[in-house]
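Report on the structure
Residue-level listing of the chains:
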Amino acid sequence: MPLLRTDEVSVSFGGRRALDKVSLSVEAGRVTGLIGPNGAGKSTLFDVVSGLRRPRTGRVLLDGHDITGEGPARRARRGLSRTFQHLELFGRLTVRDNLLVAAELGPGRRRAARSADRTLDRLGLTDLADASADALPTGAARLVEVARALVQEPKVLLLDEPAAGQDAEETGRFAGLLRSLAAEGTAVLLVEHDMSLVMTVCDEVHVLDLGAVVASGPPDRVRRDATVLAAYLGEE
């Protein structure tokens, strides 16, 4: 059974439908990609899944529980964590304090300090632990946001363009992190415009266009899909 499932989720803004009966699933131990052009509805779907926005119709299920009516804090305690397309760090806090605040939301809040230090070490951020978050370059700040999500010990991790601002070496290390998280049983849903990263690390890819899923499947099959080639990946 998938750890995360959306069941015909629809969202409208005024007269415009941002999501149109979106159904997808994210399984434990797998990295699932979600791609599409700007405005396709990817971040809106993340907001619905994480509890920041209620869908007009449809359901969100986490580990078999219908969480459609629950708030973000309750979902976090059930094991759902996310990052944001636009950085949402506490700029005046240190990197370590950003993680400590986040750890209070997750199931590991009683061992917050140990979890924060372990997560900083895993992502290579220990040397930046006492740095102010608002002084970080973009690539490092993205990693801190990922660390803040991981310190909550999530079952399901939603990553919204986490590789933005990273150079090739940083992206390569990040790909390794995603593979290791999946190997540990975490269900990862990845929104990313770096198609090389998506096609390398994802086990399955869903494509959104105008709020609807237009293609789904393994990366190699999605890569060859005519709609995807024309609209998202470009044509030779």
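Residues numbered from 1 in each chain as written. Predicted model: local features only at pLDDT ≥ 70, side-chain atom pairs only at ≥ 80, totals over all residues. Heavy atoms only, no water.

Description of the sheet that holds strand β1 (residues 4-13)
- The four strands are arranged β2-β1-β4-β5 in an open sheet whose pairing can be described as antiparallel. In this open sheet, the two strands that pair with only one neighbour each are β2 (16-26) and β5 (65-66).
- Of the strand pairs in this sheet, β1 and β2 are connected by seven bridges, and their pairing is antiparallel. Counterpart to L4 in the pairing with β2 is V26.
- Strand contacts of helix α1 (residues 42-50): β1, β2 and β4 (57-62), with the helix running at about 115° to β1, the strand carrying the most contacts. (Pairing = 2+ DSSP bridges. Helix = DSSP H or I, 4+ residues; strand = E, 2+ residues; numbered from the N terminus. Contact = heavy atoms within 4.5 Å. Axes fitted to C-alpha atoms, helices over the stretch in contact; angles between N-to-C directions.)

Observations concerning helix α6 (residues 168-183)
- In a regular helix each residue adds 1.5 Å, so 16 residues correspond to 22 Å; α6 covers 23 Å between its end C-alpha atoms and thus fits that length.
- Every buried residue belonging to α6 is among T171, F174, A175, L177, L178, L181 and A182, and all of these are buried. Each buried residue of α6 lies within a common arc of 160° when the element is viewed along its axis, so the set occupies one face. Facing away from the buried side of α6 by more than 90 degrees, the exposed set consists of E169, R173 and A183.
- Close packing links the buried residues of α6 with β3 (31-35), α4 (112-122), α5 (138-150), β7 (156-160), β8 (187-191) and α7 (195-201).
- Structurally, the start of α6 carries an N-cap: the backbone nitrogen of E169 is 3.2 Å from a side-chain oxygen of D167.
- Positive backbone phi, at 105°, marks G185, one or two positions downstream of α6. (Expected span 1.5 Å × (residues − 1). Buried < 20%, exposed > 50% of the residue type's maximum accessible area, 1.4 Å probe, protein only. Arc of directions from axis to C-beta. Polar contact = N/O pair within 3.5 Å; in protein donor to acceptor, adjacent residues only side chain to side chain.)

Quick word on α5
- Given a rise of 1.5 Å per residue, 13 residues ought to cover 18 Å, and the 18 Å separating the end C-alpha atoms of α5 matches this to within 8%.
- Where burial is concerned, most of α5 is hidden: 12 out of the 13 residues are buried.
- What α5 keeps buried is the set G139, A140, A141, R142, L143, V144, E145, V146, A147, R148, A149 and L150.
- In this structure, the buried side of α5 is in contact with β6 (80-82), α3 (95-103), α4, β7 and α6.

Notes on the packing of α3 against α4
- The interhelical angle for the contact between α3 and α4, taken along N-to-C directions, is 130°, at an axis separation of 9 Å. Relative to α4, the element α3 is oriented oblique. Handedness of the α3/α4 crossing: right-handed. Touching V95, R96, L99, L100 and A103 of α3 are A112, A113, A116, D117, T119 and L120, all from α4.
- For the contact of α3 with α4, a count of residues per class yields eight nonpolar, one polar and two charged. (Parallel < 35°, antiparallel > 145°, perpendicular 65-115°, else oblique. Left-handed = near helix turned anticlockwise from the far one by under 90°. Nonpolar A, V, L, I, M, F, W, Y, C, P; charged D, E, K, R; others polar.)

Remarks on the nonpolar core
- By size, the foremost hydrophobic cluster in this structure holds 46 residues, and its most contacted members are V31, L123, L159, F174, L178 and V201.
- The contacts of F174, once residues within four sequence positions are left out, are L143, V146, L159, P162, Q166 and L197.
- Ranked by size, the runner-up nonpolar core spans 25 residues in total, among them L45, F46, V49 and I67. (Core = buried A, V, L, I, M, F, W, Y, C linked by side-chain atoms within 4.5 Å.)

Some details on the side chain of T32
- Positionally, T32 belongs in strand β3.
- Setting aside residues up to four positions removed in sequence, T32 forms contacts with S25, V26, V188, L189, L190, C202, E204 and H206.

Comments concerning the packing of aromatic side chains
- Counted by the stated rule, this structure contains zero aromatic pairs.
- In this structure, R82 packs its charged tip against the face of F84, placed 4.0 Å from the ring centre. (Phe/Tyr/Trp six-rings, centres within 6.5 Å; stacked < 30°, edge-to-face > 60°. Lys NZ or Arg CZ within 6 Å of the ring centre and 35° of its normal.)

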